[in-house]
Amino acid sequence: MKKQRRSCMKAGAVALAMAASGAAFTAGAAAPSWPVRPITIVVPYAPGGNTDLMARLIGEQLGKALHVPVVVDNKAGAAGLIAAEYVARSPADGYTLFMGTLTQISTAPFTNKIRYDPVKDFVPIANVGGNPFVITVNARVPARNVQELIAYAKKNPGKLNMGNAGVGGLTHLSALVFAKYTGIDVVEVPYKGASLALGDVVAGQIDMYSGNLSEVVPYARDARVRLLGVSSKNRVKQLPDVPALAESVPGIPEVETWNGLLGPAGMPAEAVDRISGAVLAALADPAFRKKLEDAGITPLPEVKEQFAQRIRRDIEVWKPMIEMAGIKPQ
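Numbering of residues begins from 1 in every chain and follows the order in which that chain's sequence is written. In keeping with the predicted nature of the model, local features appear solely for residues at pLDDT of at least 70, side-chain atom pairs appear and are counted solely at 80 or more, and the whole-chain, interface and lining totals rest on all residues. In computing side-chain properties, one takes all heavy atoms of the structure into account and sets aside hydrogens as well as water.

### Thoughts on unusual backbone geometry
- The peptide bond linking Trp34 to Pro35 adopts the cis configuration, its omega dihedral lying at 0°.
- Secondary structure elements follow DSSP: runs of H or I no shorter than four residues count as helices, runs of E no shorter than two count as strands, and numbering proceeds from the N terminus. Note on placement: Pro35 falls in the loop between helix H1 (2-30) and strand E1 (39-43).
- One non-glycine residue, Ala223, lies in positive phi territory at about 65°.
- The residue Ala223 is located in the loop between helix H8 (213-221) and strand E8 (225-230) in this model.

Pasting the structure below:
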């Protein structure tokens, strides 16, 4: 009887051990294998610009959702192509992300001799936000609207200079589109980042800049610069009194950019899914959306294939426009 009781107790102990082991295995399997260390978001421009702002805002949300530190690394230069190539060549482990823009992914193949494939070398994870560009002038430029700017530029060909955040970038391309469709002659001045170009507009070192909405609005509030027209099809709610360029320049194409997270091709599906899910959750939060919109950013909740479709469509749209502008890969 005692022997039988011992046998039953031993069997019960084995069963409990197996159950505990099974529970531990299940818990281990359910626990995410990624991330286990800090994540870096590489920004292709200098600190202080529109893309940098979006990277820091979404990085904070990712840190909360993924429970690891998320740091921003600014690698400015060559219209963001240096940063793009860096990420494309980084390990595809999900710990190095790219806050890319339309410039490095959709227009770069036609404006620069790049050393990465913008489609094959990246996996689109999640779009974050976008915005049009605003023709911005120093307060001392004698033009209160687009028509007056065009008239002044035509009377003074080559006198006005216009900064951009890098040759081949959208601040450059949007300015070229504006000049092309208005027939004005301005001198292009390239910088290594939006904040640097805009800073010189504010200081009066250059006359004009075609900048992201979120970049230029703060400077316009205290009249340090004047906003003349937005490059979207229609006026934007953040600037209801600033006309769309199409109102003054019939037929001018709309120009809008996006800022989204991409990773090196071959990233683990778990990493892509968790990042895209966290971004969607953030963009669905009214408080976070308002934070973006107050900064002049339109939330763009597109993930994975939907984001990839936007990229392919943009490439098709921009190729003929760049050829029209006469830009050759440099």
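### Remarks on helix H7 (residues 194-203)
- For the exposure calls, accessible area comes from a 1.4 Å probe over protein chains only, and a residue counts as buried if that area is under 20% of its type's maximum, exposed if over 50%, partly exposed in between. Listing the buried residues of H7 in full gives Ala194, Ala197, Leu198, Val201 and Val202. The arc that holds the buried residues of H7, viewed along the axis, is 140°, so those residues lie on one side. Within this analysis, the arc is defined by the directions that extend from the helix axis to the C-beta atoms.

### Some words on H8
- Residues of H8 that are buried: Leu213, Ser214, Glu215, Val216 and Val217.
- The contact criterion used throughout is that any non-hydrogen atoms of two residues lie within 4.5 Å. Among the structural elements, helix H2 (50-66), strand E4 (122-138), H7, strand E7 (208-212) and E8 are those in contact with the buried residues of H8.
- Looking one or two residues past H8, Ala223 carries a phi angle of roughly 65°, positive in sign.

### Describing the pattern of salt bridges
- Any Lys or Arg side-chain nitrogen found within 4 Å of a carboxyl oxygen on Asp or Glu counts as a salt bridge. Across all of its chains, the model carries 13 salt bridges by this definition.
- A salt bridge links Asp273 to Lys304; the nearest nitrogen and oxygen atoms lie 2.8 Å apart. With Asp273 in helix H10 (residues 269-284) and Lys304 in the loop between strand E10 (298-299) and helix H12 (305-325), this pair connects stretches of sequence that are 31 residues apart.
- A residue is classified by how much of its surface remains accessible, and Asp273, at 39% relative accessible area, is partly exposed.

### Digging into the packing of H7 against H8
- At a minimum axis distance of 11 Å, the contact between H7 and H8 shows a crossing angle of 25°. As far as their axial angle goes, H8 and H7 are roughly parallel. In this structure, H7 crosses over H8, and the sense of that crossing is right-handed. Here H7 contributes Ala194, Leu198 and Val202 to the contact with H8, which in turn contributes Glu215, Val216 and Tyr219.
- A class-by-class count of the residues in the contact of H7 with H8 yields five nonpolar, no polar and one charged. Helix axes use the C-alpha atoms of the stretch in contact, all axes being lines fitted to C-alpha atoms, and the angles between their N-to-C directions lie in the range 0 to 180 degrees. With respect to orientation, any angle under 35 degrees is reported as roughly parallel, any angle over 145 as roughly antiparallel, any angle of 65 to 115 as roughly perpendicular, and every other angle as oblique. Two helices that cross are described as forming a left-handed crossing if the nearer one is turned anticlockwise from the farther one by less than a right angle, and a right-handed crossing if clockwise. Amino acids are sorted into nonpolar (Ala, Val, Leu, Ile, Met, Phe, Trp, Tyr, Cys and Pro), charged (Asp, Glu, Lys and Arg) and polar (every other residue, Gly among them).

Geometric values such as these leave the question of function open.
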